[in-house]
Amino acid sequence: MSAPGEVRELTGADLLVLRALGLGDLLAGVPALRGLRRAFPQRRLLLAAPAGIGGFLQRRGVVDEVLVTAGLEPLAAKGSGHLAVDLHGNGPASREPLAATGPEALLGFRTDGYDGPGWVRNEHEVARWCRLVAAWGAGCGPEDLRLRPLPPAPVSGPVVVHPGAAFAARRWPVQRWAAVVGELTAAGHEVHVTGTADEAVLGAALAAAGAVDRCGALDLDGLADLVGSARLVLSGDTGTAHVATALGVPSVLLFGPTPPHWWGPAIDADRHAVLWHGDPAATDYVGDPHGADVDPTLARITVAEVLDAAAGFLTR
């Protein structure tokens, strides 16, 4: 992993990939990363990403090295002979930091000043990036999402509840989460609530309903260990949901406003119950995923629906 202030000297042995996004985004990009590794086995796969998430993938062998970066700031790398891939976005803002490193060739979606495959709006995130890297002969698919072999369906372990999300539009009301936790604990299930330290209020509210509060207590490896040991994960459209998918852990996922055919589980449909009250024919957002208020599509999901979906896994 690059040290602060260090400029990485790139050579023809390097393949630089930019995806400086959040946990769910990085996990959805794992198939494309694995496809690139198979297509270019002689090159070091260098991921430009935040340190925590990038290191999480490096420790699991998905990438060789991490070039620590945040968002679309200039990359601390330069050289010649290397290849570069924009797995971050579809505009000049993500293409230009890669171009500034001086690559021999740069792959990204077609945008101003850059050629490449066309961007498709109504496309699953996993399929989108697999389609991009296929332009360089890198074959991949949803099966590459796995961070471990598919385990047997669990019959024991805690229920993990993740009530938070980066934006309020994707946060189901905490009072409803508390009602779900109360019913689950009353039925004898051990419930753990996860989240960041900034989500302590959510953790406290669910702890009052009977959950074990783990908010702010887990790094990414700890979160993966907890999710990997769980019998069931309940979550909104968040990175924790993607961890459950990657580890083959059953989940009940609450979607809105973004449709699950863009961001939902792409494998093991029998292990994931997706709750969504949007229009299945919609080809664009039905609301603002970055909004300051809970999205109406998400708000239509009831406590009874979540409990019924959870019971489908917990009574097997």
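You'll find the structure just up there.
Residues numbered from 1 in each chain as written. Predicted model: local features only at pLDDT ≥ 70, side-chain atom pairs only at ≥ 80, totals over all residues. Heavy atoms only, no water.

Tallying secondary structure elements over the protein gives 12 helices and 13 strands in all. Taken over C-alpha atoms, the radius of gyration comes to 20 Å for the protein, in line with the 20 Å a tight globule of 316 residues would show. In terms of overall dimensions, the protein has C-alpha extents of about 60 × 40 × 35 Å along its principal axes. When each of the 316 residues of the protein is scored for burial, the buried share is 53%. Excluding contacts between residues fewer than 6 apart, the proportion of contacts in the protein whose partners are at least 24 apart in sequence is 62%. (Helix = DSSP H or I, 4+ residues; strand = E, 2+ residues; numbered from the N terminus. Rg over C-alpha atoms; globule rule 2.2 N^0.38 Å. Buried < 20%, exposed > 50% of the residue type's maximum accessible area, 1.4 Å probe, protein only. Contact = heavy atoms within 4.5 Å.)

The subject of this paragraph is the sheet that holds strand S12 (residues 251-254). With parallel pairing, the six strands of this open sheet are ordered in space as S10-S9-S8-S11-S12-S13. Each edge of the open sheet is held by one strand with a lone partner, namely strand S10 (212-213) and strand S13 (272-275). Across three bridges, strand S8 (residues 159-162) lies against strand S9 (residues 191-193) in parallel orientation. For Val160, the partnering residue across the bridge sits in S9 and is His192. Relative to the sheet, helix H6 (residues 174-186) contacts S8, S9, strand S11 (232-236) and S12, its axis offset from that of S11 by approximately 170°. Sheet contacts for helix H9 (residues 239-247): S8, S11, S12 and S13; angle to S11, the most-contacted strand, approximately 145°. (Pairing = 2+ DSSP bridges. Axes fitted to C-alpha atoms, helices over the stretch in contact; angles between N-to-C directions.)

A few words on the pairing of S8. Here S8 shows no split at all, with Val159 and Val161 on one side and Val160 and His162 on the other all buried. Crossover S8 to S9 through H6 is right-handed. Where S8 lies against S11, four bridges are found, and the strand directions are parallel. Across the sheet, the residue bridging to Val159 is Leu232, located in S11. (Right-handed = clockwise from strand over helix to strand, strands pointing away.)

This part covers the pairing of strand S4 (residues 65-68). Relative to S4, strand S3 (residues 44-49) is paired through four bridges, and the arrangement is parallel. Opposite Leu46, over in S4, you have Glu65 as the bridge partner. Read as a crossover between parallel neighbours, the route from S3 over helix H3 (residues 51-59) to S4 is right-handed.

Turning our attention to the pattern of salt bridges. Applying the stated criterion across every chain yields a total of 14 salt bridges. We note a salt bridge from Asp64 to Arg37, for which the minimum N-O separation is 3.2 Å. Residue Asp64 is located in the loop between H3 and S4, and its partner Arg37 is located in helix H2 (residues 30-39); the two are separated by 27 residues in the primary sequence. The class of Asp64 is partly exposed, set by a relative accessible area of 31%. By relative accessible area, Arg37 is classed as partly exposed at 26%. Its salt-bridge partner being Glu123, residue Arg131 comes within 2.9 Å of it at the nearest N-O pair. (Salt bridge = Lys/Arg side-chain N within 4 Å of Asp/Glu carboxyl O.)

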